Amino acid sequence: MKNADPSPVRLADYRPPDWLVDTVDLDIALHPTATRAVARLALRRNPAGRAGAPVVLDGDGLKLVRLSLAGQPAAGGAYEATPDRLVIAKPPADAFVLEVETLLDPTANTQLMGLYCTNGVYCTQCEPEGFRRITYFPDRTDILAVYTTRIEAEREDAPVLLGNGNLVRNGPIEGTSRHYAIWHDPWPKPSYLFALVGGRLSKVPGHFLTASGRPVDLGIYVEPGKQDRAGYAMDALKRSMRWDEAVFGREYDLDVFNIVAVSDFNMGAMENKGLNVFNDKYILATPETATDADYANIAAIIAHEYFHNWTGNRITCRDWFQLCLKEGLTVFRDQEFSSDQRSRPVKRIADVRLLKAQQFTEDAGPLAHPVRPDTYREINNFYTATVYEKGAEVVRMLKTLLGAQDFRSGMDLFFTRHDGDAATVEDFLACFAQASGRDLSQFARWYHQSGTPRLDVTCTHDPEAATLRIDIAQSTPPTPGQPVKAPVVIPLALGLVAQDGTDLPLTLADGRRLERGVLEITGANESFVFTGLPDRPVPSLNRGFSAPVNLTSNLSASDLVFLAARDSDPFNRFDAIQALASGLLKRGATEGTLPAPDALLDAATRILEAEDLDPAFKAQALALPGETEIARELARDVDPDAVFTARRALRRAVSAALAPRLAEIYARYASHGRYSPDAASAGRRALRNLALDYLTVTGSEEALARAEAQFRDADNMTDRFAALAVLAQHDTPHRTEALDTFHKRYENDPLVIDKWLSLQAQIPEPATLDRIRALTLIPVFAMGNPNRVRALVGAFANGNPTQFNRPDGAGYDFLVDMVLSLDGKNAQLASRLLSAFKTWRQLEPGRAQLAEAALRRVANAPDLSDDVADIAARALG
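Residues numbered from 1 in each chain as written. Predicted model: local features only at pLDDT ≥ 70, side-chain atom pairs only at ≥ 80, totals over all residues. Heavy atoms only, no water.

## Here's the deal with the overall build of the protein chain
To keep things clear, this is the line we draw: The numbering of helices and of strands both runs from the N terminus, where a helix is a DSSP run of H or I of at least 4 residues and a strand a run of E of at least 2. C-alpha atoms define the radius of gyration in this analysis, and the globule rule sets the expected value at 2.2 Å times the number of residues to the power 0.38. For every residue, the accessible area obtained with a 1.4 Å probe (protein chains only) is divided by the maximum for its type, and the residue is called buried under 20%, exposed over 50%, and partly exposed between those limits. We call two residues in contact when some of their heavy atoms are within 4.5 Å. Computed with a 1.4 Å probe, the accessible areas rest on the Shrake-Rupley method; for each residue, only the protein chains presented here act as cover.
If you tally the helices and strands in the protein chain, you get 26 helices and 31 strands. Computed over the C-alpha atoms, the radius of gyration of the protein chain is 28 Å, within 12% of the 29 Å expected from 2.2 N^0.38 for a compact globule of 877 residues. Its C-alpha atoms give the protein chain principal-axis dimensions of about 90 × 70 × 60 Å. Across the 877 residues of the protein chain, 60% fall into the buried class. Counting contacts in the protein chain only where the partners sit at least 6 residues apart, residues at least 24 apart contribute 71% of the total. As displayed, the protein chain offers around 32700 Å² of accessible surface, 51% of which is attributable to carbon and sulfur atoms.

Below is the structure:
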């Protein structure tokens, strides 16, 4: 097996750079196959570095054209250059200018890292280590420099030339058919935030006036003819800018803010200073082409990348081990933005669903790692749910522990103290410790320890003493490299709910009142006694999902039904009904027979009839836990077919019992007005489409006709695609006709066709794999486009548990074939597909053996990229 890197990068080995770069002047002459990049670096020796150290610059497949030192052409012995490294053993002075010219082929750059050209548009992606694919540079996050970039190109091919910062000047190049633009970014930044774009693009203009009166010119650049699809994105950008001023006191700091939407992009979006580059699926939307979920994602991701202007750009990371410092913190910020803009309870439920489906699963498998890892072989493989989603949960816990006022004071101190810095997690926590006067050393374990903590809670009521005793045992299972775990600080929000649904005072035996309703769990075993409770209350535990833990308790089914109906905490009303469903599904999957779902149906009826709950909440509460979540809770010897069978049986039971109410909901929430993506309208559509899904479970002709009518008559993509998804679950002529109709209607719209591909990839039938193979041959599918590959192959591997985990191993073999085919062209995309094997050890022995054999086929393949080799080695390790 090839090792991803014989010398892993370790946090403990960090040392300051030997050389700093004060300014970077770039002159880039764009050409499809022969782009020339001239970089002038103002280097100076770092007093904190090693005395007498050489200049060592990173490269990645570079072709050196020329090099000069301090204005003089460098002699042959003055430096040593390879495609991946440039060393100047004896620098001419402690401060000098290095000029390097490299020759690039953007069209041949299928990795989509560095500078590449796709569909006639030049684009860059430099995070994490793409800048070294453009020029030789000390490509690390703690080298902050001021960049000035001159870009030139054929005016006909690339009339739009964009760079970081503010436009200095532009114009034609006399005597040629080319033109140029010069961009200057006054704010020092690391190389991963460098960007340029050149191409034939159309601008959707906008304007914003900051709180201090600074005018900002806004631009969203899209393919010509798609300007009408960027209006919602522009509105979301303005709302994000205003929200950040109001909630975090952060103003924008340049004269312009540009976003460019491109179709070939490895990531969702990139926060380059003043020039964000987006996957076009997170910019383009109309009611005809985008679902409610698409609109919500566009607003959230635009907010996320804009918020990076402070948490990521103005304050960046000292090294890549601190990735959670920008990503986890910024995810928290975008979650808060979406909560304020839409429904806070519904947003919290959606975030926790995502956390459990992706991060809890990651924490339970061979790819588990801390929020801040202490070692890596390939940093591309650490853009994970743990860094992003669990990182956000750690910030949220910090706010819960400290309270809103001290949290805001800590954030303000962080912005003031570290503006312009490359900071660490320790720097971040120190600001909150100072602002609150609290010792956060134990809390810091959340950054260092992997694994999902488990809380086992036992509640005992003593009517004679009028007390409720809560015993809590904390533990965290072993994870790779961390066999022994120490207790972490867990803020456990709770309430004690009286039989009339009111929250009782939280008075401890020592007389203290929990005014904010939060217990701080710091030890392996702790007990708390609440007094003044002659009648047994029902404990509401981990309200708002205040800590990312697996919690078990001795609450009864009747307690859960009560909480679903009466709890004042919306999240725990949702969680109670989900716990009832999970218990049934786990028993059904392991015992082969689904228990009677009376308690669940009682809770579901109460949720449906509750007047105080909005439709979006009801839709979330009544959607059963997914197959992946049930498999994660089973933890071992998982049979995906048994999980699927149990879930199908429970869906049928819910449908049969609630059919009259579901039919009434379907009729009541029919839309007769103009489509709007606002939260209330989206919630009504979500509940109505959930009702349609339940009503069609039986596959009766009447039910399929209802779905077919919605598909035919819908005036928006949300309703049309929901109906198509329902029809796709039934192997009937209705499905074939609807899929064909959808394809013909949208065959020239790749983003909509992605939905069509994903839907077919997730059909839980044995014929699906052959269908997917056939779809890889149709003209719209392109292995070079990450969106197409993720839509078809990624959806199959991550969203179709029964067919990916086929008992004959064919699903594993298909994915491995795709990974090996992609690896030489786009290693990042290949490695992320391979991560679908992260749960293979939880499978029953037969499937686990086949999955291991498939992984070993990858690991033993010749000429693997570091990205894929790393995932294979860790998955098998």
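## Structural notes on the packing of helix 19 (residues 750–761) against helix 21 (residues 786–799)
The line we're drawing: Note on geometry: axes are C-alpha line fits, over the in-contact stretch for helices, and angles between N-to-C directions span 0 to 180 degrees. For classification purposes, angles smaller than 35 degrees are called roughly parallel, those larger than 145 roughly antiparallel, those between 65 and 115 roughly perpendicular, and all remaining angles oblique. Working rule for handedness: look at the near helix, and if it is turned counterclockwise from the far one by less than a right angle, call the crossing left-handed; if clockwise, right-handed. Throughout, the ten residues Ala, Val, Leu, Ile, Met, Phe, Trp, Tyr, Cys and Pro are labelled nonpolar, Asp, Glu, Lys and Arg are labelled charged, and all others, Gly among them, are labelled polar.
Closest axis-to-axis distance for the helix 19/helix 21 pair is 8 Å, and the angle between their directions is 15 degrees. One finds that helix 19 runs roughly parallel with respect to helix 21. In the packing of helix 19 onto helix 21, the handedness of the crossing is right-handed. Two secondary-structure elements touch here, helix 19 through P750, L751, D754, L757, S758 and A761 and helix 21 through N787, R788, A791, L792, A795 and F796. Classifying every residue of the contact of helix 19 with helix 21 gives eight nonpolar, two polar and two charged.

## Regarding the packing of helix 15 (residues 679–695) against helix 16 (residues 701–713)
It is the contact of helix 15 with helix 16, at a shortest axis distance of 9 Å, that shows an interaxial angle of 145 degrees. Mapping the contact onto sequence places R688, N689, L692 and L695 in helix 15 and A703, R706, A707 and Q710 in helix 16. Classifying every residue of the contact of helix 15 with helix 16 by side-chain character gives four nonpolar, two polar and two charged.

## Details of unusual backbone geometry
Here the amide bond leading from E127 into P128 is cis, since omega sits at 0 degrees, within 30 degrees of zero. We note that D863 has phi near 60 degrees; this positive angle belongs to a residue other than glycine. With respect to the element layout, D863 can be found in the loop between helix 25 (845–859) and helix 26 (866–876).

## Looking at helix 7 (residues 425–436)
The criterion, for reference: Multiplying one less than the number of residues by 1.5 Å gives the expected span of a helix. Each direction from the helix axis to a C-beta atom contributes to the arc, which is the arc of those directions.
Counted at 1.5 Å a residue, the expected span for helix 7 with its 12 residues is 16 Å, and the 17 Å between its end C-alpha atoms agrees. Buried within helix 7 are the following residues: V425, F428, L429, C431, F432 and S436. Projected down its long axis, helix 7 shows its buried positions confined to an angular sector of 150 degrees, all on one face. Contacts made by the buried residues of helix 7 are with helix 3 (323–341), helix 5 (385–402), helix 6 (404–418) and helix 8 (445–448).

## Some words on the sheet that holds strand 3 (residues 35–45)
Our working definition: A pair of strands is considered paired only if DSSP assigns at least 2 bridges between the two.
The strand order across the open sheet built from eight strands is 6-5-9-3-2-12-15-14, with neighbouring strands paired in mixed fashion. With partners counted over all chains shown, the strands left at the sheet margins are strand 6 (72–73) and strand 14 (166–172), one partner each.

## Digging into the nonpolar core
For clarity, the threshold we go by: For the purposes of this section, nonpolar cores are sets of buried Ala, Val, Leu, Ile, Met, Phe, Trp, Tyr and Cys residues that join through side-chain atoms within 4.5 Å.
In this structure, L98, I283, F428, F443 and F530 are the most contacted members of the largest nonpolar core, which totals 162 residues. Excluding residues within four positions of it along the chain, F530 makes contact with A466, T467, L468, I470, L494, L496, L506, T507, L508, L514 and L519. Counting residues in each nonpolar core, the second largest holds 120 residues, with V538, V654, F742 and A869 among its members.

## So, helix 18 (residues 733–746)
Between its first and last C-alpha atoms helix 18 spans 20 Å; for 14 residues at 1.5 Å apiece the expected length is 20 Å, and the two agree. For helix 18, every residue scored as buried is listed here: H734, R735, A738, L739, F742 and Y746. For helix 18, the angular spread of the buried residues around the axis is 120 degrees, confining them to a single face. Turned more than 90 degrees off the buried face of helix 18, the exposed positions are P733 and K744. In the core, the buried residues of helix 18 are packed alongside helix 16, helix 17 (717–728), helix 19 and helix 20 (768–775).

## Considering the sheet that holds strand 21 (residues 275–279)
Working definition: the strands of a sheet are paired by backbone hydrogen bonds and lie parallel or antiparallel to each other. If you trace the five strands from one edge of the open sheet to the other, you get 17-18-19-21-20, paired in mixed fashion. This sheet does not close on itself; its edge strands, each paired only once, are strand 17 (202–209) and strand 20 (269–270). Relative to strand 19 (residues 256–262), strand 18 (residues 215–222) runs parallel, the two being bridged by five bridges. Bridged to G219 within strand 19 is N258. Those strands touched by helix 2 (residues 292–307) are strand 19, strand 20 and strand 21, and its axis lies near 150 degrees from that of strand 21.

## Description of the packing of aromatic side chains
Under the convention used in this document: Aromatic rings from Phe, Tyr and Trp, with only the six-membered ring used for Trp, were paired whenever their centres fell within 6.5 Å, and each pair was classed as stacked if the ring planes differed by under 30 degrees, edge-to-face if by over 60, and tilted otherwise. Geometrically, a charge over a ring is one whose NZ (Lys) or CZ (Arg) sits within 6 Å of the ring centre while staying within 35 degrees of the ring normal.
Summed over all chains, the structure comprises 35 aromatic pairs. Seen from their ring centres, Y232 and Y295 are 4.9 Å apart, and the 90 degrees between their planes marks the pair as edge-to-face. Separated by 63 residues along the polypeptide, Y232 in helix 1 (residues 231–248) and Y295 in helix 2 bring together distant segments of the chain. The burial state of Y232 is the same as that of Y295; both residues are buried. Aromatic side chains F571 and F574 sit 5.6 Å apart centroid to centroid with 55 degrees between the ring planes, which places their arrangement in the tilted category. You can see F571 and its partner F574 sitting in helix 10 (residues 570–591), three residues apart, about one turn around the helix. Both residues of the pair, F571 and F574, belong to the buried class. Among the aromatic residues, ring-to-ring pairing joins W243, F248, Y252, F257, Y306, F307 and F337 into one connected group. The ring of F248 is capped by R333, whose NZ or CZ atom sits 4.7 Å from the centre of that ring. If you follow R706 out to its NZ or CZ, it ends over the ring of Y666, 5.9 Å from the centre.

## Focus: the pattern of salt bridges
The line we're drawing: In what follows, salt bridge is the name for a side-chain nitrogen of Lys or Arg lying within 4 Å of a carboxyl oxygen of Asp or Glu.
Tallying each qualifying case throughout the model produces 75 salt bridges. The shortest N-O distance in the salt bridge between R44 and D22 comes to 2.8 Å. One end of the pair, R44, is in strand 3; the other, D22, is in strand 2 (residues 19–29), and 22 residues separate them in sequence. Judged by relative accessible area, which is 31%, D22 ranks as partly exposed.

## Focus: the environment of E844
Defined as follows: Here a polar contact is taken to be a pair of N or O atoms separated by no more than 3.5 Å, where protein atoms must pair a possible hydrogen donor with a possible acceptor and residues adjacent in sequence count only if both atoms sit in side chains.
With respect to the helices and strands, the residue E844 is situated in the loop between helix 24 (827–834) and helix 25. Sequence-wise, E844 and D639 are 205 residues apart; in three dimensions their C-alpha atoms are separated by 5.9 Å. When near neighbours in sequence (up to four residues on either side) are disregarded, E844 contacts D637, V638 and D639. Within polar-contact distance, the side chain of E844 engages the backbone nitrogen of R847 at 3.0 Å.

## Some details on the side chain of D867
Under the convention used in this document: When charges are counted, neither His nor the chain ends are considered; positive counts come from Lys and Arg and negative counts from Asp and Glu.
On the secondary structure map, D867 appears in helix 26. No salt bridge forms around the buried D867; measuring N to O, its nearest opposite-charge neighbour R832 is 7.0 Å away. In this structure, D867 is in contact with E378, N380, N381, A827, Q828 and S831, ignoring residues within four places of it in sequence.

Fair warning: the whole summary comes from geometry, so function is off the table for now.
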